[in-house]
Amino acid sequence: MTTLPTRRLGRNGPTVSALGLGCMGMSFAYGAADETESLATLDRALELGVSFLDTADIYGPHTNEELLGRALKGRREQVFLATKFGIVFDPARPQARGVSGQPEYVRSSIEGSLKRLGTDHVDLYYQHRIDASVPIEETVGAMAELVRQGKVRYLGLSEPSAETLERAHAVHPITAVQSEYSLWTRDPERNGVFEVCERLGIGFVPYSPLGRGFLTGNITSADQLQSDDFRLTTPRFQGDNFAHNLALAQQVKAIAADKGCTPAQLALAWVLARGEYLVPIPGTKRRKYLEDNVGALQVSLSAAERAQLDTLFAPEAVAGDRYTAVGMALIGR
């Protein structure tokens, strides 16, 4: 197994590989699954030294956790395993999504995740989306019980507001915040979440650091995506927004070519340079993209290059919201 650079998740948190692996797309949201290639990708991740794996009970739903449970059988100790609860799926209405932060739901959700993952504990347990109808103190209080029971080691929140994060941290230390962050999604810089993370010593885990694949330069037409790919429902991948954003992605491709790296490596290097407390989790279900992403750890950006990318991807430069109106209503609570 290769040794990768490591980073600490927060001031007092665990040490993990400086780049993690988001596993959602292996089972969910990005077209047809390929279990054989996904298992091979997980094997390769461990060979390369990627020790930080991320999943959630909603991915599938449930099938992604089951996939990781099979992949990690007999080698659970090699990874720092994160999963999430809180998005409620109704089999009778596949497109319907709700959220729950009820304490009893917290307790039942961890039991299902542990069974599917084939483990007696989860290293990092996130509330996937904040339930505005339940005080965060009650939800985190129930999560803290799981820590005391040894079922969970560390706690996290996904897409919280800065205020919610502070309130949660006062109940039990929050080790990591997971929110979308990339060249084309820079909300945490502006909504106070980065400031709270830095002040309280909380790690930050950027998901979709490659703009859901858009920043890799591999997507040049929406027609390349399978009909059930959820990206087709998002404003950034539609109509004039797609054309506008494609022009930005082409500039990333050109800058990367001048630097002698791939566009994915350039985009990841920009995220990694944002701070030592950031540990991005680019997602992929293919070995070739995993290997390309890991190569970003060898790419160093100068201050001038970072400034160039900052200017190119100023927050107002990207066209379209990152989710539908329903999805956007669930973030920043």
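Residues numbered from 1 in each chain as written. Predicted model: local features only at pLDDT ≥ 70, side-chain atom pairs only at ≥ 80, totals over all residues. Heavy atoms only, no water.

An unreviewed UniProt entry lists the chain under the name Aldo-keto reductase, with Lysobacter capsici AZ78 as the source organism.

**What to know about the pairing of strand S10 (residues 176-180)**
Of all five residues making up S10, five are buried, and the element is well covered by its neighbours. Neither face of S10 is open: one carries Ala176, Gln178 and Glu180, the other Val177 and Ser179, and all of them are buried. As defined by bridge partners, strand S9 (residues 152-158) adjoins S10 across three bridges and the pair is classed as parallel. Residue pairing for S10: Leu157 is matched across the bridge by Val177. In terms of handedness, the path from S9 via helix H5 (residues 162-171) over to S10 forms a crossover that is right-handed. The pairing of S10 with strand S11 (residues 203-207) spans five bridges and is classified as parallel. Counted as the bridge partner of Val177 is Phe204 from S11. (Buried < 20%, exposed > 50% of the residue type's maximum accessible area, 1.4 Å probe, protein only. Helix = DSSP H or I, 4+ residues; strand = E, 2+ residues; numbered from the N terminus. Pairing = 2+ DSSP bridges. Right-handed = clockwise from strand over helix to strand, strands pointing away.)

**Observations concerning the sheet that holds strand S5 (residues 80-85)**
The seven strands are arranged S3-S4-S5-S8-S9-S10-S11 in an open sheet whose pairing can be described as parallel. In the strand order of this sheet, the two ends are held by strand S3 (21-22) and S11, each with one partner. Where strand S4 (residues 52-54) lies against S5, three bridges are found, and the strand directions are parallel. Each residue of the ladder has a partner; that of Asp54, found in S5, is Ala82. Seen against the sheet, helix H4 (residues 136-148) touches S5, strand S8 (122-127) and S9 and runs at an angle of roughly 155 degrees to S9. (Contact = heavy atoms within 4.5 Å. Axes fitted to C-alpha atoms, helices over the stretch in contact; angles between N-to-C directions.)

**A look at the pattern of salt bridges**
According to the stated counting rule, one finds 25 salt bridges in the structure shown. Where Arg322 meets Glu159, a salt bridge forms, and the shortest distance between an N and an O atom there is 2.8 Å. Here the residue Arg322 occupies a position in the loop between helix H11 (303-312) and helix H12 (325-328), and Glu159 occupies one in the loop between S9 and H5, the gap between them amounting to 163 residues. Judged by relative accessible area, Arg322 falls into the buried class, the value being 5%. Residue Glu159 is classed as buried on the basis of its relative accessible area of 5%. Measuring nitrogen to oxygen at the nearest pair gives 3.7 Å for the salt bridge that ties Asp310 to Arg186. Pair noted here: Asp310 is in helix H11 and Arg186 is in the loop between S10 and helix H6 (187-190), with a separation of 124 residues, a long-range link. In this structure Asp310 comes out as partly exposed when scored by relative accessible area, which is 30%. (Salt bridge = Lys/Arg side-chain N within 4 Å of Asp/Glu carboxyl O.)

**Looking at the nonpolar core**
Leu21, Leu42, Leu53, Phe204 and Phe313 are the most contacted members of the largest nonpolar core, which totals 82 residues. Of all the elements, helix H9 (residues 263-272) adds the most residues to this core, at eight residues. Ignoring sequence-local partners within four residues, the contact set of Phe204 consists of Val177, Ser179, Tyr181, Pro188, Val193, Phe194, Cys197, Tyr277, Leu278 and Val279. Core analysis: the second largest hydrophobic core is formed by 15 residues, Leu9, Tyr154, Tyr207 and Ile331 among them. (Core = buried A, V, L, I, M, F, W, Y, C linked by side-chain atoms within 4.5 Å.)

**Quick notes on unusual backbone geometry**
Cis peptide bonds are those with omega within 30 degrees of zero, and the linkage from Gly60 to Pro61 qualifies with -5 degrees. In this model, Ala29 sits at a positive phi of 80 degrees, which is unusual for a non-glycine residue. Within the secondary structure, Ala29 is located in the loop between S3 and helix H1 (35-48).

**Here we look at H5**
Within H5, burial applies to Ala162, Thr164, Leu165 and Ala168. Angular distribution of buried residues about the axis of H5 spans 155 degrees; they occupy a single face of the element. More than 90 degrees from the buried face of H5, the exposed residues found are Glu163 and Ala170. (Arc of directions from axis to C-beta.)

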